[in-house]
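# A closer look at the structure
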Amino acid sequence: MSGEKTVNPGITRRGFMKGAAALGALGVTAGGIATATSSLAPTNAQAESEEHVAYTYHQSHCGNMCALACTVRDGRLVCIEPNSAMAERRYKTMCLKGVSEVQHIYSDKRIQTPLKRVGERGAGEFEAVSWEEALDDIVSQIKDIQQSFGKDSVLVTTCAECDVPFLATILEARTCANNNGIDIGTGNGLDPATGMGWGFAMSAQEPRDWVNSRLVLNVGNNFCESSLANARVMFDAKDAGAHVVTVDPHFSTTACKSDEWIPIEVGTDAALFLGMTTHILDNNLGDQEFMAKHTSLPFLIDTKTGMLVRSEEGIVDEAAKAEAEAAGTEYMPFYPFLVIDEDGQKKPYTEAANPQLTVEGTFDGQQLVSVYSKLCESQKAYPTSWAAEVTGISQERIEALAEEYAAGPSSLCVGWGGSDKLSNADITGHAAAVLVAVTGNIGKPGAGVGVYVGAQYAGYAAGFGEWAIPEKYGLMPGPADLQMRELRQTDIVHAIVAVGDLLAQKVGNMKLTEEWTKTIDLIVTADVYFTEGAKWADYVLPLTSRFEYDAEVGNVKNGYNHICLQEKVLDPLFEAKTDLWFQRELAKRLGYEDALPETADERVAAIMAGCTENVTLEQLKENQGVWPITGIENPRLVATDYAFYTESGNMEVYYQNLVDFNQALPQWEENIEAYPGNPEREKYPLQLTNTRTRFRIHNQFNDSAWLAQYYTPTVHVNPVDLEAQGIKTGDTVRLFNDRGEIKVAVAANEAIRPGSARLYEATTADYTVAGNMQDLTNDTPIERGAALMMGPVAPFSDTIVGIEKA
Amino acid sequence: MTKYAIAINTGRCVGCHTCSLACKMSNNIPDGMLWNRVLTEGCDVIDGAQGTYPNLERNYLPLACQHCENAACLRACPTGATYKDEEGRVEIDYDKCIGCRMCMAACPYNARTFNWKEPKRITGADYGHKDVPARKKGVMEKCTLCPERTGEGKEPMCVAVCPAGARVFGDLDDPDSEISKLKRERNVRILLEDMGTKPQVFYFE
């Protein structure tokens, strides 16, 4: 890109007068990009044309899934606006990415026809083939590979925006473990405590609940960009009197819209939480009753083994026992954890009237300590003076924040995007869990913890049915036991079927991924757009965008507290086929003729047959494809009965499985690369932050010409880090480290923390001057990774780089 | 009488450009042109900041035609192509526009954009509302306040789409309208007030 495009026309009086030059700088190169579909419809008088409106939903991966009303004129998508049938004004929303689809679905990056590789793998040389020829050869090769190397030698990788739920099953293929370590960093540490969140820290209540908070403490999230519809909810909370504080190394959009921004050293969120906890414990600001009754803090630890002590008498759940016996499986009673009750007696926590928090001593010849006492001991290493030194936040501010947080009700917004992509993210999550446990800021209006991104993820959801693949075929998906980073080091995989980008999305240190793909016998990419991963494929297959379908309806999903229907907006463009058609054609060739529904209408009927809301498909259609879910008048809350989904039912903050790693309670640990004292920073002084932006959803919209009016890939760096080398806004720079290098445009920006460089996620080679962002990123797994709930995190932002003028 | 106007809550504006792009879409604006832009005040990069880290400030300023009561563009137009319509909007009659660009020079808000070339659209086809009139090479264009939409009882597109709820559309001649109340009760910011153009678009926090 040219540096010009990042230039802001300015708002000074002189800026206004700069006139056309400034406006022109924002512009796309007129006519410079060939349209893929210029022949589809002529530019003509619009008024006499045939026009209709169809309803669908947009992408879900920002956590929103906006319901859209799409105007189609003469077979072309011409206008998109919010669906007016949504129940409240707040749900009638969309963002610039939704608008951009009017141009984007006709992008010249659409895969228009099936392609077969003709040159070297990765060279990007293809010829057009028919769907028939491509699918016949793909299935024939998959059969041969599976016969030689086993069913699980085929790997299916998918992205959240595709709709291929049957693909791995019909191919009996393996899939990747635990989202390849993406978005699970904080959840790894937080979720074992609550038993909620699925490893993704999705344990928060609905963001609408922020109006009930006195403090909304947002640490390492930028939802005003990454989940735009949350912006309205944040402002509603501010209007209701919530104090919104954002902790971020950078002056993010969310930071600048909060009541207060607290700048923090990169990767030290855990230290902030640890310091706050110490202050709360030392000053007795915690919620004693919550700690005693609803957490594992009173549980007893055997000091010799570090393990929690249990009753020898098991509690038997008769119903579960009968069920197990009927199924012929062994039933294990629950042996409850022990506490010391107010009478000084050791008892199962289930029987104690008032479990004691502070316990240390010898009981029946056994040296025992309560989790609480152990925590108090452990926290001695983390006074607020220490936290101030590590985080760069003043001791006074940390203490005042701790007091405000403890007073509550407080929402603690963590996970995804920020410190979640650092090596010590699990400690951040665990330290957050402890902070919540000692203050009881959970399970009540205005108090919760986790990822608050997106109305869709934390909102109400209806239950649905799904098409069942007939049992007669005995089809089961293969294992999902290894991340792609790990598979890359084995010879297990011989074929890959990727829906979405394979190479540039899932793993850091991309050169290693490229080397690995050279060893694979067959790579198939099926996608809407031609991505970096597609370059490495043997076959590239065109799928439809969500606006195109070959049947009246495509799918039904939950979004924004509504049931949302995907109606056909357009017929498939080019030779693109739907995700369902693609899966069905593979199944047919494998001999599972009727394994999948013949049409999407048939599948939607199966989904709606299991719908838990009292609505029919016909009613959905009549109501512009949307239907409010029961109860949405009030924000969705979680764990209001304090019944956590843990073994004990309490909030469990002592992680026995991490005793060997000295992380049973959270202990501070630096990141692998991104810490101030790293001697490597003499060569590579900048931490490279891998950030989400309003202009993308991961790699989606990289190719949007309309969005390129506002943003093309540019690394933002604080001017102090550029001045020494004479680098200016608009220059091209080389970013480099031991793993690789890229060349990209640079902009000087005071909003970036000195010592950091910010590039938006999934910046791939077609959009930089040279190279993929993932050529630089760190792929080192942490030592305790395998012991964590979701395996090791993908530490994309635990990356340091050098910078020089290219 | 009617005096349509837009109020923008800059406290709520997150600089997302949704209003800008939705305006482009709805009004069939050609490549390389925008009627509505979101500026980052005092910065030479989008999403920059004023001050020195960590003492920073960032303010977004959505900027389009201010539909001035005393419009400098209207006074500059030699053919009457720019006019004030009955609903209080500043509009352009494209048939009367001779492309002299006097209005462009006169507008202190840089809100007007000119078709220097034959309009091109990367989509290869028109988009937006069906009743938006076509423009050709050599005519001026700018924000119209979406009369095609308001005529159907809808809000202007920028107001309808704003994800943060930062925009309010209404009639300043109706004292009971939300926008009139905002103008009366809030600490309102008028751009370049001393120019005497009397903008109908105003900003508040």
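Definitions and cut-offs
- Residues numbered from 1 in each chain as written.
- Chains lettered and ligands numbered in written order.
- Predicted model: local features only at pLDDT ≥ 70, side-chain atom pairs only at ≥ 80, totals over all residues.
- Heavy atoms only, no water.
- Helix = DSSP H or I, 4+ residues; strand = E, 2+ residues; numbered from the N terminus.
- Rg over C-alpha atoms; globule rule 2.2 N^0.38 Å.
- Buried < 20%, exposed > 50% of the residue type's maximum accessible area, 1.4 Å probe, protein only.
- 1 Å grid on protein atoms, 1.4 Å probe; cavity = no way out; pocket = protein on both sides within 12 Å on 5 of 7 lines; lining within 4 Å.
- Points joined across faces, edges and corners; volume = space filled by probe spheres on them.
- Nonpolar A, V, L, I, M, F, W, Y, C, P; charged D, E, K, R; others polar.
- Contact = heavy atoms within 4.5 Å.
- Buried area = accessible area lost by both parts, 1.4 Å probe.
- Salt bridge = Lys/Arg side-chain N within 4 Å of Asp/Glu carboxyl O.
- Polar contact = N/O pair within 3.5 Å; in protein donor to acceptor, adjacent residues only side chain to side chain.
- Pairing = 2+ DSSP bridges.
- Axes fitted to C-alpha atoms, helices over the stretch in contact; angles between N-to-C directions.
- Domains from an automatic or database assignment.
- UniProt positions renumbered as here; feature names shortened; annotations may be inferred.
- Phe/Tyr/Trp six-rings, centres within 6.5 Å; stacked < 30°, edge-to-face > 60°.
- Lys NZ or Arg CZ within 6 Å of the ring centre and 35° of its normal.
- Core = buried A, V, L, I, M, F, W, Y, C linked by side-chain atoms within 4.5 Å.
- Left-handed = near helix turned anticlockwise from the far one by under 90°.

### With respect to the overall build of chain A
Across its full length, chain A holds 24 helices and 28 strands. The C-alpha radius of gyration computed for chain A amounts to 27 Å, which stays within 12% of the reference 28 Å derived for 806 residues, consistent with globular compactness. Oriented by its inertia axes, the alpha-carbon framework of chain A measures out at about 85 × 75 × 50 Å. Buried positions account for 65% of the 806 residues belonging to chain A.

### Some points on the layout of surface pockets
All names here are of chain B. Estimates place the volume of the second largest pocket at around 710 Å³. What lines the second largest pocket is a set of 36 residues, and nearest its centre among them are Asn9, Thr10, Gly11, Arg12 and Phe204. Grouping the amino acids of the lining of the second largest pocket by side-chain chemistry returns 13 nonpolar, 8 polar and 15 charged.

### Brief notes about the interface of chain B and chain A
Contacts between chain B and chain A engage 73 residues on the former and 81 residues on the latter. Buried surface at the junction of chain B and chain A, both sides included, amounts to about 6,300 Å², of which 58% is carbon and sulfur. On the chain B side of the interface with chain A, the three residues burying the most area are Leu21, Tyr53 and Ile122 of chain B, jointly 13% of the side's total. At the boundary of chain B and chain A, one finds 6 salt bridges. A salt bridge links Glu155 of chain B to Arg89 of chain A; the nearest nitrogen and oxygen atoms lie 3.2 Å apart. In this assembly, chain B and chain A are joined by 27 residue pairs in polar contact (both at pLDDT 80 or more). Those elements that place two or more of their residues in the side of chain B that touches chain A are helix 1 (18–26), strand 2 (37–40), strand 3 (50–52), strand 4 (55–57), strand 5 (60–63), helix 3 (102–106) and helix 5 (157–161) of chain B. By residue class, the composition of the side of chain B that touches chain A is 36 nonpolar, 20 polar and 17 charged.

### So, the sheet that holds strand 24 (residues 714–717) of chain A
What the 6 strands build is a closed barrel, ordered 23-27-24-26-25-28 (chain A); its pairing is mixed. Taking the axes of each pair of neighbouring strands and ignoring which way they run, one obtains an average angle of 45° across the sheet.

### Re the domain arrangement of chain A
All names here are of chain A. Taken domain by domain, chain A consists of domain 1 (115–179 + 462–628), domain 2 (191–458 + 642–661) and domain 3 (679–805). Centre-to-centre, using C-alpha coordinates, domain 2 lies 32 Å away from domain 3. Between domain 2 and domain 3, the residue contacts involve 29 residues of the former and 25 residues of the latter. Summed over both partners, the interface of domain 2 with domain 3 comes to about 2,300 Å²; 56% of that surface belongs to carbon and sulfur atoms. Seen at the junction of domain 2 and domain 3, the total is 4 salt bridges. Where domain 2 touches domain 3, the interface holds 12 residue pairs in polar contact (both at pLDDT 80 or more).

### Looking at the UniProt feature "domain: Molybdopterin dinucleotide-binding" (unreviewed entry) in chain A
Per the UniProt annotation, the sites labelled "domain: Molybdopterin dinucleotide-binding" (unreviewed entry) are residues 686–779 of chain A. The distance from the first to the last C-alpha atom of residues 686–779 of chain A is 17 Å, and the span holds 5% helix and 30% strand.

### Side note on the packing of aromatic side chains
Residues and elements named next belong to chain A. All told, the structure shown has 25 aromatic pairs over all chains when counted by the stated rule. Where Phe695 meets Tyr711, the ring centres are 5.4 Å apart and the plane angle is 10°; that geometry is what we call stacked. Highlighted residues: Phe695 in the loop between strand 23 (686–691) and strand 24 and Tyr711 in the loop between strand 23 and strand 24, separated in sequence by 16 residues. Chaining the aromatic ring pairs together yields one cluster made of Phe299, Phe334, Phe337 and Tyr349. Here Arg76 stacks its cationic end above the ring of Tyr106, 3.9 Å away from the centre of that ring. Here the guanidinium or amino end of Arg110 rests over the ring plane of Tyr529, the centre of that ring lying 5.9 Å away.

### Here's the deal with the nonpolar core
All names here are of chain A. Counting residues in each nonpolar core, the largest one holds 85 residues, and the members touching the most others are Leu77, Ile80 and Trp210. Counting residues per element, this core draws most heavily on helix 8 (residues 230–239), at 5 residues. If sequence neighbours within four positions are ignored, Trp210 has contacts with Val216, Phe223, Asn230, Val233, Met234, Ala237, Ala242, Ser411, Cys413 and Tyr452. The next biggest cluster of nonpolar side chains, apart from the first, holds 80 residues, and it includes Ile184, Val245, Leu665 and Val793.

### Comments concerning unusual backbone geometry
The omega torsion of the bond from Gly408 of chain A to Pro409 of chain A falls at -5°, within 30 degrees of zero and hence cis. In this structure, Pro409 of chain A sits in the loop between helix 15 (395–407) and strand 15 (410–413). The residue after Tyr53 of chain B, namely Pro54 of chain B, is reached through a cis peptide bond having omega 0°. Mapped onto the elements of the fold, Pro54 of chain B is located in the loop between strand 3 and strand 4. Within the chain, His67 of chain B stands out as a residue other than glycine whose phi angle is a positive 45°. Following the sequence through the fold, His67 of chain B ends up in the loop between strand 5 and helix 2 (72–76).

### A look at the pairing of strand 3 (residues 76–82) of chain A
All names here are of chain A. Buried residues dominate strand 3, accounting for 7 of its 7 residues. When strand 2 (residues 67–73) meets strand 3, the two strands line up antiparallel, connected through 6 bridges. Opposite Thr71, over in strand 3, you have Cys79 as the bridge partner. In this antiparallel pair of consecutive strands, strand 2 and strand 3, the connection spans 2 residues, and Asp74 shows a positive phi of 50°.

### Here we look at the packing of helix 14 (residues 384–391) of chain A against helix 15 of chain A
Residue and element names in this part refer to chain A. Direction vectors running N to C along helix 14 and helix 15 enclose 115°, while the axes themselves pass 8 Å from each other. Where helix 14 crosses over helix 15, the handedness of that crossing is right-handed. On the side of helix 14, the interface is formed by Thr384, Ser385, Ala387, Ala388 and Thr391, while helix 15 contributes Gln395, Ile398 and Glu399. Across the contact of helix 14 with helix 15, the residue classes tally to 3 nonpolar, 4 polar and 1 charged.

### Focus: the pairing of strand 20 (residues 553–559) of chain A
Residues and elements named next belong to chain A. For strand 20, the buried fraction is high: 6 of the 7 residues fall into the buried class. The sheet contact formed by strand 20 and strand 21 (residues 562–567) spans 6 bridges and is antiparallel. Note on strand 21: the bridge partner recorded for Asn555 is Gln566. Here strand 20 hands over to strand 21 after 2 residues, with Tyr560 in that stretch at a positive phi of 50°.

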